[in-house]
Amino acid sequence: MKVLVIGGGAREHALCRSFSLDPDVTAVHCAPGNAGIGEVAELHPVDALDGEAVARLAGELEASLVVVGPEAPLVAGVADAVRAAGVPCFGPSGEAARLEGSKAFAKDVMAAAGVPTARSYVCTTPEEIDEALDAFGAPYVVKDDGLAAGKGVVVTDDLAAAREHALACGRVVIEEFLDGPEVSLFAITDGVTVLPLTPAQDFKRALDGDAGPNTGGMGAYSPLPWADPKLVDEVMATVLQPTVDELRRRGTPFAGLLYAGLAITSRGVRVIEFNARFGDPETQVVLARLRTPLAGVLLHAANGTLDDQPPLLWREDAAVTVVVASHNYPGTPRTGDPIEGLAEVAELDAPHAYVLHAGTRRDGDAVVSAGGRVLSVTAIGRDLRQARERAYEAVGRIRLDGSQHRTDIARTVAEAAEATAERVAGAAAEAVQA
């Protein structure tokens, strides 16, 4: 197989890395890619939003499979153009990708499918905004209806800040606040069959302790030792399959990666949002744990034969990823700063820890920052404690002037899991003595 990945972030680097390790893949291409992706794939300059250009490139490369990574090309219909050219493509149609492209559309689909989610209002005028904010009260949850690179959501107790964000959005969804921990669950689907992946949890806020503004994600971990073992089955039955069935009923089948952002509330599982592609940074930890070669699974989904796919195999290992971001992120980031320490990580931490590039580019022989989120430092270990230790040890080798990262990714859950293991071991020892 020859695989072409569209995009240039850490998610695409994680995908390309997985394809480069896949025995069925003979060539990995990426457009446009980044400095790190260039080490595992051949890079090609292309406008990722230009469906005709992407389809033309896929034809020139004789690609067996095209994987569209980011949401904007999907909403723009790039996957449609690739399929129209006769090339298998993993990614939903532009119409189906509205599930992410419009939160109002997603709410309508969920209502029709009976999917549990937050009560909400779609607002377009200042009067509607004020009525909705007053109806729900604090904490206020205000979501830009369109794509906003993971930064279009404001959750605040400050009414003025909530109103300001809502007015700046134009069309906005205002909804009730959902309590409880959040979970990201990906599912691969061909529009009929749904194949869930392992759950992960990401950290949206910029600062330790979940303080600061929302970002595209500052880190993630998997598995979730605190989650109900039946969680995936429940979400499959109440969220994923009903959503796929409803979109097919509407004549807009969703074939690609369906991402459910969930809140585990006191009233049960509720959908916070849907995305139409692999999430970033959760993809980094999910793929780190996947043993089944990825390309064949995605090709089955692209060809409508996912029912032929055997059950997925997963590592017992835990995975943690920590995002290293530029100065001032998630505001306007400073770029062009040299990144040092990458060779040290490759030499001293591999294969247990490695660096996935997000916003980077080459400047001569140097690698420099080129975006807000610059790197995702990812590690595996026998448990979350070891995985996060390895990740942060590798982060400590990275030198990027003015960079920032959270120091508490997976810390609380790792400490809780370790304490639980110690209690179980102690109880077992006492039983043996008795």
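These lines cover the structure that appears in this document, whether it is placed above or below. (Residues numbered from 1 in each chain as written. Predicted model: local features only at pLDDT ≥ 70, side-chain atom pairs only at ≥ 80, totals over all residues. Heavy atoms only, no water.)

**Observations concerning the layout of surface pockets**
One number sums up the size of the second largest pocket: a volume of about 390 Å³. Together, 19 residues line the second largest pocket, and Glu39, Leu342, Ala346, Tyr354 and Val355 are the ones closest to its centre. Per-element tally for the lining of the second largest pocket: the top contributor is strand S20 (residues 353–357), with five residues. Of the residues assigned to the lining of the second largest pocket, the class counts are 13 nonpolar, three polar and three charged. (1 Å grid on protein atoms, 1.4 Å probe; cavity = no way out; pocket = protein on both sides within 12 Å on 5 of 7 lines; lining within 4 Å. Points joined across faces, edges and corners; volume = space filled by probe spheres on them. Helix = DSSP H or I, 4+ residues; strand = E, 2+ residues; numbered from the N terminus. Nonpolar A, V, L, I, M, F, W, Y, C, P; charged D, E, K, R; others polar.)

**Looking at the pattern of salt bridges**
All chains considered together, the criterion is met by 27 salt bridges. For Glu62, the salt bridge goes to Lys2, with nearest N and O atoms at 3.8 Å. One end of the pair, Glu62, is in the loop between helix H2 (51–61) and strand S4 (65–68); the other, Lys2, is in strand S1 (residues 2–7), with 60 residues separating them in the sequence. Assessed through its relative accessible area of 59%, Glu62 is described here as exposed. (Salt bridge = Lys/Arg side-chain N within 4 Å of Asp/Glu carboxyl O. Buried < 20%, exposed > 50% of the residue type's maximum accessible area, 1.4 Å probe, protein only.)

**Considerations on the sheet that holds strand S15 (residues 219–222)**
Hydrogen bonds between backbone atoms are what pair the strands of a sheet, whose relative direction is either parallel or antiparallel. Here five strands make up an open sheet; going across it, the order is S12-S15-S18-S23-S20 and the pairing antiparallel. Either end of the sheet is taken by a strand with one partner, and the two such strands are strand S12 (201–202) and S20. The sheet contact formed by S12 and S15 spans two bridges and is antiparallel. Residue pairing for S15: Asp202 is matched across the bridge by Ala220. In the packing of helix H1 (residues 10–20) onto the sheet, the strands contacted are S20 and strand S23 (373–381), and the crossing angle to S20 comes to about 125°. Packing of helix H13 (residues 384–395) onto the sheet brings it into contact with S15, strand S18 (318–325), S20 and S23, and relative to S18 it is tilted by some 30°. (Pairing = 2+ DSSP bridges. Contact = heavy atoms within 4.5 Å. Axes fitted to C-alpha atoms, helices over the stretch in contact; angles between N-to-C directions.)

**Regarding H1**
For an α-helix the count is 3.6 residues per turn, leaving residues at separations of three or four pointing the same way. Counting buried residues along H1, nine of its 11 residues qualify, which places the element largely inside the surrounding structure. Residues Ala10, Arg11, Glu12, His13, Ala14, Leu15, Cys16, Ser18 and Phe19 constitute the buried set of H1.

**A few points about the packing of aromatic side chains**
One pass over the structure, following the stated rule, counts five aromatic pairs. A ring pair is formed by Tyr121 and Phe136, whose centres lie 5.3 Å apart and whose planes are at 45°; its orientation type is tilted. Taken as a pair, Tyr121 in strand S6 (residues 120–123) and Phe136 in helix H7 (residues 126–136) lie far apart in primary sequence, 15 residues in all. Ring geometry for Phe186 against Phe278: centres 5.9 Å apart, planes inclined by 85°, an arrangement best described as edge-to-face. With Phe186 in strand S10 (residues 182–189) and Phe278 in the loop between strand S17 (268–275) and helix H10 (282–289), this residue pair connects regions lying 92 residues apart in the sequence. Each member of the pair, Phe186 as well as Phe278, is classed as buried. Members of the aromatic cluster, connected to one another through ring pairs, are Phe90, Phe186, Tyr259 and Phe278. Over the ring of Tyr259 we find Arg277, and its NZ or CZ is 6.0 Å from the ring centre. (Phe/Tyr/Trp six-rings, centres within 6.5 Å; stacked < 30°, edge-to-face > 60°. Lys NZ or Arg CZ within 6 Å of the ring centre and 35° of its normal.)

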